[in-house]
Amino acid sequence: MFAQAATSPEVVWSLLWPLLFLSIGGVLLVTVTSVIPALRRPGMPAALTILIGGASFVSTIPVWRRVADTEGPTTVVAGAMSVDAFTVVMTAIIAASVVLTALVLDDYLRREGLDGPEWYVLLLMSASGGVLMAAADDLIVLFMGLEILSIAVYVLAALHLRRTDSQEAGFKYFVLGAFSSALFLYGIALVYGATGSTQIDQIAANLRLPNEAGLTPIEDASLLLAGVALLLVGFAFKVSAVPFHVWTPDVYQGAPTPITGFMASAVKVAGFAGLARVFVISFSEFGSGDLIQDDWRPILAILAGLSLVLGAFMAAGQSDVKRMLAYSSIVHAGFLLIGVHAAGHGDAGVADAGGRALVFYLITYAAMVVGSFAVATVVAGRGDADHGVDAYRGLFRKHPALALMMAVLLFSQAGIPFTSGFMAKFRVLGAAVDGEAYVLAGVAMLAAVVAALLYLRIIVAMFLDDADDEGGDEQVAGSVRKIDVPVGAAISIVLAVIVTIGLGVLPDLGRGVVAAAADVLVNR
Amino acid sequence: MTEFLNDWGISLMVFLPLIGAALMAFVPASQEENHKTIALFTTLATGLVGILLIADFDYDNSDVLQFAVDARWIEVINARYTVAMDGMSLPLIALTLLVVPLVIIYSWNHIPNPGNPKTFLMLILVLHTGMLGSFVAQDLVLFFVFFEVVLLPMFFMIGVWGGEDRLYASLKFFLYTLFGSALMLVSFLALYVLAGSSTFNMVQLAENVVTEDISKTAQVLIFGGMFMGFGIKVPMFPFHTWLPDAHTQAPTQGSVILAAVLLKLGTYGFIRIAIPILPEAAVEWAPWIGLLAVIGIIYGALGCLAQTDMKRLIAFSSVAHMGYVMLGIATLTDFGINAAIFGMVAHGIITGMLFFIAGSIKERYHTLEIARLGGLLVQAPKMGWILAITTMASLGLPGLAGFWGEFPAILAAYDPAPGLSDALFRVYMVIAAIGTVLAAAYLLWLLQRTAFGTPSEEFENDPHIHDVVTEEWIAWTPLLILMVVLGFYPRLIFGITDDAVINSLLALGG
């Protein structure tokens, strides 16, 4: 009798390959490296990770064919996960950032004398959590993904054993992260209480369904709104939106630099994927009048505005490049939140523009931020401590190619034409203006100008400062520490630059992919 | 030939400099002569294509956009690669095509510290593409992209090859301009959305603004965003503070390009984009633009009188001269805007020339402090006379080019477009006229202190001080000739611009 009730749901394994590669790959990696010592040799775990990440990335292609072209979106494991264009795109971004991070990490660990498979295992684990989060069709599954992702990253942040900064970062991240997870979980409980479901589609359907008292969840709003608010706090923490950002600069600064790159790209992408899926699918309606999103969109707008303004202004006062990039990631979070804000609009056209802008922004953002942190890893040199702007002085003289690529990545983050960052900002702002969020768009552009100062300071240091200080001391000191770019990091940076320039010059590339992914969110 | 020009002429002209720059990237930096040759030939080839275009231009229909190309570009945002030129852009394109090769010739023996002609010339070529592109773009996104492309090379030129305060000046220049373009971009987007989210084409937008019935408030606000973008670039009075710093710190070549062409991007934006697309809002804004313009005229002139540095003085005189241009534009009459275009070209030639001279003086005397200079006519008589002619042109002496930019602009203010207050603009007219007196004062004073008298003891027997040299002659003669020719025969420009200007003001009913 029990056996009958407990039949496990049918699983379409073939659609799950991208996720399975990452999670099983991680488990296998920890197993085989502990059994076969030969695989613990420097370089091996990294090579295997790149292979696994690459396999995951490549396996998104057949899945894409099925869900986007032939069979259409579907759910697997009894509605726990949805496999659709949005999932696939987010999975591909996360898998790609695993590969790019592993490329940088390999040399970094050898340089720091920390080589070992545990880094890569945690990296794969956290990536699989991220994919689960992006694919979740159920708030409980989403929470599982969030936890798998976060716990692995907490450890990764603290894994530079010789730097107290790193331990501090891991601990800080853990305490605040655990707190936000708790809030998030409570939010799930309240939403379940209000709507009677944890399934993302079902929540949306139940919003207008009357309960025993004859009131719909929307009319009897207190429970639902409290739940929505707590979910928003949880997500805002993960994507480091002001005022839930306080951990970001410290953790980004303290964590090992390649891991910071991973946090800024994959973790943030997963966070935004979850945020977009829950808020745009579950808590948005089309039409006019009393819409559910009227309750959360203004809050989101405020979060976005605060992130933009505070992030930009705080960044201006920093002198540590990792901290600067941390604040810049807060500014980017503001832009991405504008995308979510537009995607939740009651008008289908605006929502569509917002969804597309969001997906496009995530793709471009992940590439440029991984590349930027890869450069930071290389420039900092042994000890991973030399992250002051001064470390970049005269970089153009020392290593012109590296300086040029960093300049491209930073100009892209600043949103200069012919880089992907320009198109990303353009589309987000276009969507915001389309949704009549003029103030938000104006604030965003002004914040972008202030933020440009931060990128310029680094660029100025790289190109312009070199002739300063005629005295020989500095020049000698600069030339003593030669900068070698390891092959792995070089590949990673070049790939990031190719994506950044490619999507900047030909923004129509992958247009269908972006549109299909956004369609999942918006055509609810 | 005509067919080729119709399809490819403009694109070839715009992107040739970029090709040249790409070519230079493959030549080792040590082959300095080769770099100079490539750069010069690139700009000359660009100029040749430009001359063919200008020769093939149908002057009887100068109000029609010619050599138009409309191709697919970024479909996701409905941005198209639309380029064309008409009588309004032609003089400015010609100015750009002329000035850039002259700057490169001047660079032959004048590469500023810290050297590296390869990168320096490559930046000038990229700048060339950006400037030409801005003048031919007929799509707002394309325009914006070119407008921004101009920013980076200039930033590096000031920041790397500039004077002592180059860092401060380059950052200030960059941030001011970026701030303006940020608001401008929001305006463009708002315009796009309100006009039906279908096109960024300037001409179609102007039509859609009427058919979509965009509210006046929205129009006024959008115009405001554009005003910030273009006004900062011009620069108009309260936003001008980046200009003296940028000019003083920039290398001579940077100053010349900045004064001759970059500033015109702002004024050109007003007459090409802001006013034709949003005529109703223009009427609302015109009194304020006029006010800021005359404040700029007086403030710039007073600023000049207070300067002790020659380059800074010329920079402030730019603020004043661009004030006349903006006053002409603010009248919203064809007369005023024709004057404004003439003023743009004249200012480009004259002030470009003044910066060339300032650069050469700096090279000889190693200072531009006016108090230490003097007796140029004794030590370098030819250069002294050139300075004299150029200052005369700058103060608006009839018979030289400067006159036709200032005088008609002042005259136009007597009778502004319908809807604007005659009384107010006549007050502006009087103030602007007083400005010409001040201009005469500061320019003559400058001339008197630098060129007249006897050389100061410091430089009396300095062997470095010599007269005009060959590459200076080559770079300067065309500008001097144009100064005189345009002074005597202003129809050379008015004849081209007039129809196009009238066409651009059709929506105003004027």
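Residues numbered from 1 in each chain as written. Chains lettered and ligands numbered in written order. Predicted model: local features only at pLDDT ≥ 70, side-chain atom pairs only at ≥ 80, totals over all residues. Heavy atoms only, no water.

(A) Spatial organisation of the packing of helix α13 (residues 310-330) of chain B against helix α14 (residues 334-365) of chain B. Residue and element names in this part refer to chain B. For the pair α13 and α14, interaxial distance at closest approach is 8 Å and the crossing angle is 175°. The angle between α13 and α14 places the two elements in the roughly antiparallel class. From α13, Met 310, Lys 311, Ile 314, Ala 315, Ser 318, His 321, Met 322, Val 325, Gly 328 and Ile 329 reach across to α14, where they touch Gly 336, Ile 337, Ala 340, Gly 343, Met 344, His 347, Thr 351, Leu 354, Phe 355, Ala 358 and Ile 361. When its residues are assigned to classes, the contact of α13 with α14 shows 13 nonpolar, seven polar and one charged. (Axes fitted to C-alpha atoms, helices over the stretch in contact; angles between N-to-C directions. Helix = DSSP H or I, 4+ residues; strand = E, 2+ residues; numbered from the N terminus. Parallel < 35°, antiparallel > 145°, perpendicular 65-115°, else oblique. Contact = heavy atoms within 4.5 Å. Nonpolar A, V, L, I, M, F, W, Y, C, P; charged D, E, K, R; others polar.)

(B) A look at a negative patch on the surface. On the surface, Glu219(A), Asp220(A), Asp290(A), Asp294(A) and Asp295(A) cluster together into a negatively charged patch. Tracing the backbone through its elements, the reader meets Asp290(A) in the loop between α11 (257-282) and α12 (293-316). (Patch = residues over 30% accessible without salt bridge, like charges linked within 9 Å, V, L, I, M, F, W, Y side chains within 5 Å. Areas by Shrake-Rupley, 256 points an atom, 1.4 Å probe, with all protein chains shown as cover. Salt bridge = Lys/Arg side-chain N within 4 Å of Asp/Glu carboxyl O. Lys, Arg positive; Asp, Glu negative; His and termini not counted. Charge placed at Lys NZ, Arg CZ, Asp CG, Glu CD.)

(C) Inspection of the interface of chain A and chain B at higher detail. Listed as interface residues are 31 residues of chain A and, on the opposing side, 33 residues of chain B. Inspection of the chain A/chain B interface yields one salt bridge. In this structure, Glu75(B) engages Arg511(A) in a salt bridge whose closest nitrogen and oxygen atoms are separated by 2.6 Å. Across the chain A-chain B interface, the total number found is three residue pairs in polar contact (both at pLDDT 80 or more). Taken together, the elements giving at least two residues each to the side of chain A that touches chain B come down to α17 (420-434) and α18 (438-463) of chain A. For the side of chain A that touches chain B, the element with the highest residue contribution is α18(A), accounting for twelve residues. Its residues placed into classes, the side of chain A that touches chain B shows 23 nonpolar, two polar and six charged. (Polar contact = N/O pair within 3.5 Å; in protein donor to acceptor, adjacent residues only side chain to side chain.)

(D) Up close: the environment of Val439(A). Residue and element names in this part refer to chain A. Within the fold, Val 439 resides in helix α18. Taking relative accessible area as the criterion, Val 439 reaches 66% and is therefore assigned exposed. In this structure, the C-alpha to C-alpha distance between Val 439 and Ala 301, residues 138 residues apart in sequence, is 9.8 Å. (Buried < 20%, exposed > 50% of the residue type's maximum accessible area, 1.4 Å probe, protein only.)

(E) Inspection of helix α1 (residues 2-25) of chain B at higher detail. Residues and elements named next belong to chain B. In a regular helix each residue adds 1.5 Å, so 24 residues correspond to 34 Å; α1 covers 33 Å between its end C-alpha atoms and thus fits that length. Bending of α1 peaks at approximately 60° at the position of Trp 8. Leu 5, Gly 9, Ile 10, Ser 11, Met 13, Val 14, Leu 16, Pro 17, Gly 20, Ala 21 and Met 24 are the residues of α1 that are buried. Residues of α1 that are buried in the fold lie against α2 (32-56), β1 (66-74), β2 (79-85), α3 (90-107), α4 (117-136) and α5 (140-149). (Expected span 1.5 Å × (residues − 1). Bend = angle between axes of the 7 residues up to and from the residue.)

(F) A look at unusual backbone geometry. Here the residue pair Val242(A) and Pro243(A) is connected by a cis peptide bond, since its omega of 5° sits within 30 degrees of zero. You can see Pro243(A) is positioned in the loop between α9 (221-238) and α10 (247-254). For the peptide bond that leads from Val234(B) to Pro235(B), omega is -10°, which places it in the cis range. Inspection of the secondary structure assignment puts Pro235(B) in the loop between α9 (216-233) and α10 (242-249).

(G) Representation of a nonpolar patch on the surface in the model. Side chains of Met1(B), Phe4(B), Trp8(B), Leu12(B), Leu48(B) and Leu52(B) sit close together on the surface and give an oily, nonpolar patch of about 620 Å² of accessible area. The residue Met1(B) is located in the segment before α1 in this model.

(H) Region of the structure containing the confidence of the model for chain B. Residues of chain B with pLDDT of at least 70 account for 100%, and the chain-wide mean is 90. Both confidence scores are given for the complex: pTM 0.90, ipTM 0.85. (pLDDT = per-residue confidence, 0-100.)

(I) Representation of the packing of aromatic side chains within the structure. Here the structure, examined in full by the defined rule, presents 46 aromatic pairs over all chains. Relative to Phe188(B), the ring of Phe144(B) lies with its centre 6.5 Å away and its plane at 80°, an arrangement referred to as edge-to-face. Here Phe144(B), found in helix α5, pairs with Phe188(B), found in helix α7 (residues 166-194); they are 44 residues apart in sequence, far enough to count as distant. No difference in accessibility class separates Phe144(B) from Phe188(B), as the two residues are buried. Through pairs of rings, three or more aromatic residues link up here, namely Phe143(B), Phe147(B), Phe223(B), Phe227(B), Phe230(B), Phe239(B), Phe270(B) and Trp285(B). Positioned over the ring face of Phe335(A) is Lys425(A), at 4.7 Å from the centre of the ring. Here Arg427(A) stacks its cationic end above the ring of Phe360(A), 5.0 Å away from the centre of that ring. (Phe/Tyr/Trp six-rings, centres within 6.5 Å; stacked < 30°, edge-to-face > 60°. Lys NZ or Arg CZ within 6 Å of the ring centre and 35° of its normal.)

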